[in-house]
Amino acid sequence: MAQRIDGVVLLDKPNGMSSQSAVTAVKRHFQAEKAGHTGTLDPMATGLLPICLGEATKYSQDLLDADKTYIATVRFGIETDTGDAEGQVLSERSTAEVVDNLMAKTLLEAILPKFIGEIEQIPPMFSALKRDGKPLYEYARSGVEIEREPRKITIYSIRLVAIHWPHVEIEVHCSKGTYIRVLAQDIGNALGCGAHLSFLRRTATGPFHVDQCIELKELEDLPEAERVNRLLPVDALLDGHTTVTLAQEEAGRFLSGLRRRGNWPDCEKTAVYGESPRALLGTAHVKAGELIPRRLLSPTEIQTILESEV
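Procedures and definitions
Residues numbered from 1 in each chain as written. Predicted model: local features only at pLDDT ≥ 70, side-chain atom pairs only at ≥ 80, totals over all residues. Heavy atoms only, no water. Helix = DSSP H or I, 4+ residues; strand = E, 2+ residues; numbered from the N terminus. Contact = heavy atoms within 4.5 Å. Areas by Shrake-Rupley, 256 points an atom, 1.4 Å probe, with all protein chains shown as cover. Lys, Arg positive; Asp, Glu negative; His and termini not counted. Charge placed at Lys NZ, Arg CZ, Asp CG, Glu CD. Pairing = 2+ DSSP bridges. Salt bridge = Lys/Arg side-chain N within 4 Å of Asp/Glu carboxyl O. Buried < 20%, exposed > 50% of the residue type's maximum accessible area, 1.4 Å probe, protein only. Polar contact = N/O pair within 3.5 Å; in protein donor to acceptor, adjacent residues only side chain to side chain. Core = buried A, V, L, I, M, F, W, Y, C linked by side-chain atoms within 4.5 Å. Phe/Tyr/Trp six-rings, centres within 6.5 Å; stacked < 30°, edge-to-face > 60°. Lys NZ or Arg CZ within 6 Å of the ring centre and 35° of its normal. Disulfide = S-S within 2.5 Å. Axes fitted to C-alpha atoms, helices over the stretch in contact; angles between N-to-C directions. Parallel < 35°, antiparallel > 145°, perpendicular 65-115°, else oblique. Left-handed = near helix turned anticlockwise from the far one by under 90°. Nonpolar A, V, L, I, M, F, W, Y, C, P; charged D, E, K, R; others polar.

Student: Would you explain the overall build of the chain in this entry?
Tutor: A count of helical and extended segments in the chain gives 9 helices and 19 strands. Taken over the C-alpha atoms alone, the chain extends approximately 75 × 50 × 40 Å along its principal axes. Nonlocal contacts in the chain, meaning residues at least 24 apart in sequence, comprise 67% of its contacts between residues at least 6 apart. Counting every atom, the chain has about 15700 Å² of accessible surface; 48% of that belongs to carbon and sulfur. The chain carries 35 positive and 44 negative side-chain charges, and their two centres are separated by 4 Å.

Student: Would you take a moment to explain unusual backbone geometry for this structure?
Tutor: Glycine aside, a negative phi is what most residues show, and trans is what most peptide bonds show. In this structure, the amide linkage connecting Trp-165 to the following residue, Pro-166, adopts the cis form with an omega of 10°. Here Pro-166 lies in the loop between β10 (151-164) and β11 (167-174). Backbone geometry places Ala-288, a non-glycine residue, at a positive phi of 55°. Assignment of secondary structure puts Ala-288 in the loop between β18 (279-287) and β19 (290-296).

Student: Looking at this model, I keep getting lost on the pairing of β10. Mind explaining?
Tutor: The two faces of a sheet get side chains in turn, since along a regular strand they alternate between them. Note: strand β7 (residues 117-121) against β10, 5 bridges, orientation antiparallel. Opposite Gly-117, over in β10, you have Ile-155 as the bridge partner. Here 8 bridges tie β10 to β11, and the two strands are oriented antiparallel to one another. Across the sheet, residue Ile-155 finds its bridge partner in β11, namely Cys-174.

Student: It is not clear to me how the pattern of salt bridges should be interpreted in this structure. Could you clarify?
Tutor: When charged atoms on two side chains of opposite charge get close, those side chains can pair. Under the criterion given, the structure shown has 17 salt bridges. Among the ionic pairs, Arg-181 bridges to Asp-42, the shortest N-O distance being 3.2 Å. Taken together, the residues span a long stretch of sequence, with Arg-181 in helix α5 (residues 180-191) and Asp-42 in the loop between β2 (35-37) and β3 (46-53) at a distance of 139 residues. On the basis of relative accessibility, which here comes to 29%, the residue Asp-42 falls in the partly exposed class.

Student: For this particular structure, what's the right way to read the pairing of strand β1 (residues 7-13)?
Tutor: Within β1, 7 of the 7 residues are buried, leaving the element largely enclosed by the surrounding structure. Because side chains alternate across β1, one face comprises the buried residues Gly-7, Val-9, Leu-11 and Lys-13, and the other comprises Val-8, Leu-10 and Asp-12, equally buried. In the sheet, β1 pairs with β3 via 7 bridges, with the strands oriented antiparallel. Bridge pairing in β3 places Val-9 opposite Ile-51.

Student: Where do I start with the side chain of Thr-80 in this structure?
Tutor: Position of Thr-80 relative to the elements: it lies in strand β5 (residues 78-80). Using a relative accessible area of 4% as the deciding quantity, one classes Thr-80 as buried. A polar side-chain atom of Thr-80 sits 2.8 Å from the main-chain carbonyl oxygen of Asp-84.

Student: When you look at the side chain of Lys-13 in this model, what are you seeing that I'm missing?
Tutor: Mapped onto the secondary structure, Lys-13 falls in strand β1. One buried charged residue, Lys-13, forms no salt bridge at all, with the nearest opposite charge on Asp-12 at 8.2 Å. From its side chain, Lys-13 meets the backbone oxygen of Met-17 in a polar contact 2.6 Å long. Of note is the side chain of Lys-13, whose polar atom sits 2.7 Å from the backbone oxygen of Ala-45.

Student: Honestly, the nonpolar core in this entry has me stumped. Any pointers?
Tutor: One recurring pattern in soluble globular proteins is that nonpolar side chains are buried together. Val-26, Phe-30, Leu-53 and Phe-76 are the most contacted members of the largest nonpolar core, which has 48 residues in total. When sequence neighbours within four positions are dropped, the list of residues in contact with Leu-53 reads Ile-5, Asp-6, Gly-7, Val-9, Val-26, Phe-30, Ala-32, Lys-34, Ala-35 and Leu-231. The next biggest cluster of nonpolar side chains, apart from the first, holds 19 residues, and it includes Val-234, Leu-237, Leu-238 and Leu-297.

Student: Please explain the packing of aromatic side chains as it appears in this structure.
Tutor: What describes a pair of aromatic rings is the distance from one ring centre to the other and the angle between the planes of the rings. Tallied over the entire structure, the rule returns 1 aromatic pair. For Arg-278, the ring lying beneath its charged end belongs to Tyr-273, and the centroid distance is 4.2 Å.

Student: I would appreciate a short explanation of the state of the cysteines in the present structure.
Tutor: Scanning all chains against the criterion turns up 0 disulfides. Between Cys-52, a cysteine without a disulfide, and Cys-213, which holds the nearest cysteine sulfur, the sulfur-to-sulfur distance is 13 Å. Here Cys-213 falls in the buried class, since its relative accessible area comes to 13%.

Student: Help me understand the packing of helix α3 (residues 101-111) against α5 in this model?
Tutor: Geometrically, a packed helix pair is captured by the angle between its two axes and the distance between the axes. Orientation of α3 relative to α5, taken along the N-to-C sense of each, is 110°, at an axis distance of 11 Å. Considered as vectors, α3 and α5 are oriented roughly perpendicular to each other. α3 and α5 meet at a crossing whose hand is right-handed. Residues Leu-107, Leu-108 and Ile-111 of α3 form the contact with α5, whose participating residues are Ile-187, Ala-190 and Leu-191. Looking at the contact of α3 with α5 residue by residue, the classes come out as 6 nonpolar, no polar and no charged.

As structure tokens, then:
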């Protein structure tokens, strides 16, 4: 029987599982009424997948917008239709001109800086982006190519981790919306031999790191009473928000959707708490000294969260 449960599970998603399947599994283990993820990982990818339960789903957008970090292995010399190891081989080119790992390192150190900063990417056909209500991958599987507009993304850093030519492991710190598959292909084209992504692991999303994760098997094996100990509180999603605390009367008015006036500096991201008992009320932004509600919890939801923390 489904129950009200609120919080965040940091899951280490296994290889071969879709993000939605991972959400369904976690939801089932917690018998939660509501669950959702904060940005998909391809089935072949592993690593950090924050899953929101209950009221945490209201605040998942910040993680959708957060920067990400990945460890990726690029296989040079082979291009596939999906840009990763699960696709059909389109072409193979010789990599023999790169005679050893040292030469590969020298060439890559010259090329990689061109991909750092704000750049444009064309989303891949094998993606969940929709056109006329239909995911692009459905068109791709039917052999239909859809024109896609380039999107601006930001690559903050690319670090060479290991080279076993023609395999190269890199660490990429990037903005939301970045396709590492496309980055691998573009680096391969810049090197003149093509490439595809053979391995991908997400190691960080916003304030969260893969070291904090729990594997699905470990979650399954935990006694039901201990699973809740692996839940982070709802406000773990509000890292980086400015905190405002309201007295009881002001808190009630805020929860009614009314703006509150005070001496607060302008701020786009504010986490608002009630003073006694201390409880998250919702999020807001501050403009010209006004605290303007954004996403609010209901008094019933707040009480449920407080009781679960006792």
